Amino acid sequence: MVEFNGSSVKQNGNDVLKKLEWDQTRGVSNYFEIVDVVHDSIGIFHPIEKIINTPEFQRLRNIKQMGIAYLVYPSAEHSRFTHSLGVYHLARSHINALSERQPNLGITSTDKLCVCIAGLLHDLGHGPYSHMFEVFLHKANPSHSWRHEEGSKLIFKRMLDQNHEVKEALDRYLSEEDYLFIEELIDPPKSFIDNHGNWKLKGRPISKSFIYDIVSNKHDCLDVDKFDYLMRDSKLSKITIPFGKVTLGRIQNNMEARKFEDVGYSRIVYGRKVRSDVYTVMYSREDLHSRLYQHKTSVAIETMVVDALVKAAPYLEYKGDDGRYYDLYHAFENISAYLQLNDYVTEKILESNDPRLAEAKSILDQINRRELLRCVGTTFFTTIPYSVEQIKEDILKFDDTIDPNMVIVAVRQIHRGFTEVDPITKTLYFNQNDPSDNVLERPSDQWIRSNTSEAGRTNVYVYVPFGTSMDDYNKVFHAFEKTAKSYNCESPAKRQRRS
């Protein structure tokens, strides 16, 4: 336990204890290091260990970072726990780099602690198999409003309510304004200025607007969350991408916080010489989505698991702290119930003898036997004017001999961070060779044409059940081919069928 030695000060006429400065000196009391596969060593400074050692944070050990992708890339079994530690580490190095390079920014030790806590807790709200759970919720209830970022904030509040030792330790450093700042860092709004031209955020004044770019960057998508998952996911899946530790080092060594006159506040901007390094972040994200996260077999397995969860959801119940039971669809309505969810939900189904779970259990058994959906073909839209239901209906129109149960359609978006525009067009650059040059430069139109892609695309995958005959397989493909042609999009690539 660190001894609290703050002095008493006056606030609103009352004696209050002065907040402690956050000490990042290696070797201080309670300091330790965690060995990490990406960052080698991660230093943990009090009171960060108090947060790590809570049930809410430890739960992330049982939620895989990449959902079911480990069933396609077996070495990619890492968890949200290790990713969160990595984001904490990069958040600390990022804000320390800015503070050392630009002392005039007035970054305090409390600012640094808040950024590190936000990095650590940004994914606290993920459900079983990470983003796959949101796919499940959308299929089960398309009108639901659950977002894992909102869940992270709610779980953080519960952590403070349920773990008095943690709250007491953090209170020695943080005020109520700081707790609000952490929540805003985890889930900042898309716009920082309201309709009247006023600064919207409450945790920090407009003079520290650039800090909001570190954990979840709403301006150009360059943030430490993305930096860690790109390096971690590529390393553990053994898929090579251009972005890596050397590129990250160049970006960190050539970034500054500068005021952006068009909107009236500061952003993190980059030296012109690292423009290509910045580009590798966007390209690497798109590449991993194409080759890893949305691999045709990953999408097939995810589709099957989601189907199993939809069938099992009404019969899987979790007790909330209000005494009520919530099924899998509605567990997010009570944080105590939601915290009981992790990847073991599928094992719970497989181990159950409840006849109501038999259909879901059968699907999961098929996955274990590798009796997976077979990909007939894929194509893509630059926009998605058609729903899954409409695409399936149109495929069936071209051949009325096809059994509707034989056609399974999935759609997934691939983009570089924003669905509306390539985020590389939103990055800003300064002249690092002339400190007096305060003009921030956007990428030129010529550079944009050479280095950007469409804002995004929607991949369309068509599958048939395992065991489908070659004749039926070919019928579905030809109907899909005609459907794609009718949509004026690229002819689907036919997948080689395995026996």
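Above: the structure in question.
The following refers to the structure shown. Bear in mind that the values here come from a model prediction, so they are computed numbers and not experimental data.

**A look at the overall build of the protein**
Alright, step 1. Across its full length, the protein carries 18 helices and 13 strands.
Alright, step 2. Buried residues in the protein amount to 57% of all 499 residues.
Alright, step 3. Within the protein, counting contacts between residues at least 6 apart in sequence, those at least 24 apart form 71% of the total.
Alright, step 4. Only carbon and sulfur atoms are counted for the fraction: they give 46% of the accessible area of the protein, which is about 22500 Å².

**Examining the pattern of salt bridges**
Side-chain pairs of opposite charge can arise where the charged atoms are in close proximity.
Alright, step 1. Scanning all chains against the criterion turns up 29 salt bridges.
Alright, step 2. Notably, a salt bridge pairs Arg147 with Asp187, separated by 2.7 Å at the nearest N-O pair. One end of the pair, Arg147, is in the loop between helix H5 (131-140) and helix H6 (148-162); the other, Asp187, is in the loop between helix H8 (176-186) and helix H9 (224-237), and 40 residues separate them in sequence.
Alright, step 3. When its relative accessible area of 34% is taken as the criterion, Arg147 is described as partly exposed.

**Looking at helix H7 (residues 164-171)**
Alright, step 1. Within H7 the residues assigned to the buried category are Val166, Ala169 and Leu170. Relative to the axis of H7, the buried residues are bounded by an arc of 95° and lie together on one face.
Alright, step 2. Of the surrounding elements, those touching the buried residues of H7 are helix H1 (48-52), helix H4 (109-121), H6 and H8.

**Points about the sheet that holds strand S11 (residues 429-430)**
Alright, step 1. Strand order across the open sheet formed by three strands is S5-S6-S11, with mixed pairing between neighbours. Whereas interior strands pair on both sides, the edge strands pair on one side only; in this sheet they are strand S5 (255-260) and S11.
Alright, step 2. Bridge count between S5 and strand S6 (residues 265-271): six bridges; the pairing is antiparallel. The residue of S6 that forms the bridge with Ala257 is Ile268.

**Some words on the environment of Asn488**
Alright, step 1. For Asn488, the position within the fold is in the loop between helix H18 (470-486) and strand S13 (493-494).
Alright, step 2. Between the C-alpha atoms of Asn488 and Phe381, which are 107 residues apart in sequence, the distance is 9.2 Å.

**A word on the packing of aromatic side chains**
Alright, step 1. In this structure the tally under the stated criterion is 18 aromatic pairs.
Alright, step 2. Centre to centre, the rings of Phe57 and Phe81 are 5.2 Å apart; their planes meet at 50°, and the pair counts as tilted. Linking Phe57 in helix H2 (residues 55-58) with Phe81 in helix H3 (residues 80-101), this pair joins segments that are 24 residues apart in sequence.
Alright, step 3. Look at Phe81 and you get buried, because its relative accessible area is 7%.

**Some remarks on unusual backbone geometry**
Alright, step 1. Cis geometry is adopted by the peptide bond preceding Pro47, which originates at His46 and carries an omega value of 10°.
Alright, step 2. Mapped onto the secondary structure, Pro47 falls in the loop between strand S4 (40-44) and H1.
Alright, step 3. Its identity is not glycine, yet Ser130 carries a phi of approximately 55°, on the positive side.
Alright, step 4. Among the secondary structure elements, Ser130 is positioned in the loop between H4 and H5.
Alright, step 5. Even without being glycine, Cys221 reaches a positive phi, approximately 70°.
Alright, step 6. For Cys221, the position within the fold is in the loop between H8 and H9.
Alright, step 7. For Cys221, a relative accessible area of 5% puts it in the buried group.

**What about the packing of helix H12 (residues 296-312) against helix H15 (residues 358-368)?**
Alright, step 1. At a minimum axis distance of 8 Å, the contact between H12 and H15 shows a crossing angle of 160°. The angle between H12 and H15 falls in the class roughly antiparallel. Considering how the two elements wind past one another, H12 and H15 form a crossing that is left-handed. For the pair formed by H12 and H15, the contact residues are Ile301, Met304, Val305, Asp307, Ala308, Lys311 and Ala312 on the first element and Glu359, Ala360, Ile363, Leu364, Gln366 and Ile367 on the second.

**Things to note about the side chain of Ser109**
Alright, step 1. Counting through the fold element by element, Ser109 comes out in helix H4.
Alright, step 2. The exposure class of Ser109 is buried, given its relative accessible area of 12%.
Alright, step 3. Among the polar contacts listed, one links the side chain of Ser109 to the side chain of Glu21, at a separation of 2.9 Å.

**Things to note about the nonpolar core**
The tendency in soluble globular proteins is for nonpolar side chains to be buried side by side.
Alright, step 1. Of all hydrophobic cores here, the largest spans 129 residues; its most connected members are Ile117, Leu121, Ile214 and Leu328.
Alright, step 2. Not counting residues within four places of it along the chain, the set of residues in contact with Ile214 comprises Ala91, His94, Ile95, Leu98, Val115, Asp223, Val224 and Ile268.

**Quick look at the environment of Ile63**
Alright, step 1. Residue placement: Ile63 occurs in the loop between H2 and H3.
Alright, step 2. Judged by relative accessible area, Ile63 falls into the buried class, the value being 0%.
Alright, step 3. Sequence separation between Ile63 and Asp343 is 280 residues; the distance between their C-alpha atoms is 5.4 Å.
Alright, step 4. Every residue in contact with Ile63, bar those within four places of it in the chain, is listed here: Ser79, Arg80, His126, Gly127, Tyr129, Ser130, Leu341, Asn342 and Asp343.

**Considerations on the pairing of S4**
Alright, step 1. Relative to S4, strand S3 (residues 32-36) runs antiparallel, the two being bridged by five bridges. Bridging from a neighbouring strand, Asp36 pairs with Asp40 of S4.
Alright, step 2. Adjacent in sequence and paired antiparallel, S3 and S4 are bridged by three residues.

Cut-off values and rules
- Residues numbered from 1 in each chain as written.
- Predicted model: local features only at pLDDT ≥ 70, side-chain atom pairs only at ≥ 80, totals over all residues.
- Heavy atoms only, no water.
- Helix = DSSP H or I, 4+ residues; strand = E, 2+ residues; numbered from the N terminus.
- Buried < 20%, exposed > 50% of the residue type's maximum accessible area, 1.4 Å probe, protein only.
- Contact = heavy atoms within 4.5 Å.
- Areas by Shrake-Rupley, 256 points an atom, 1.4 Å probe, with all protein chains shown as cover.
- Salt bridge = Lys/Arg side-chain N within 4 Å of Asp/Glu carboxyl O.
- Arc of directions from axis to C-beta.
- Pairing = 2+ DSSP bridges.
- Phe/Tyr/Trp six-rings, centres within 6.5 Å; stacked < 30°, edge-to-face > 60°.
- Axes fitted to C-alpha atoms, helices over the stretch in contact; angles between N-to-C directions.
- Parallel < 35°, antiparallel > 145°, perpendicular 65-115°, else oblique.
- Left-handed = near helix turned anticlockwise from the far one by under 90°.
- Polar contact = N/O pair within 3.5 Å; in protein donor to acceptor, adjacent residues only side chain to side chain.
- Core = buried A, V, L, I, M, F, W, Y, C linked by side-chain atoms within 4.5 Å.

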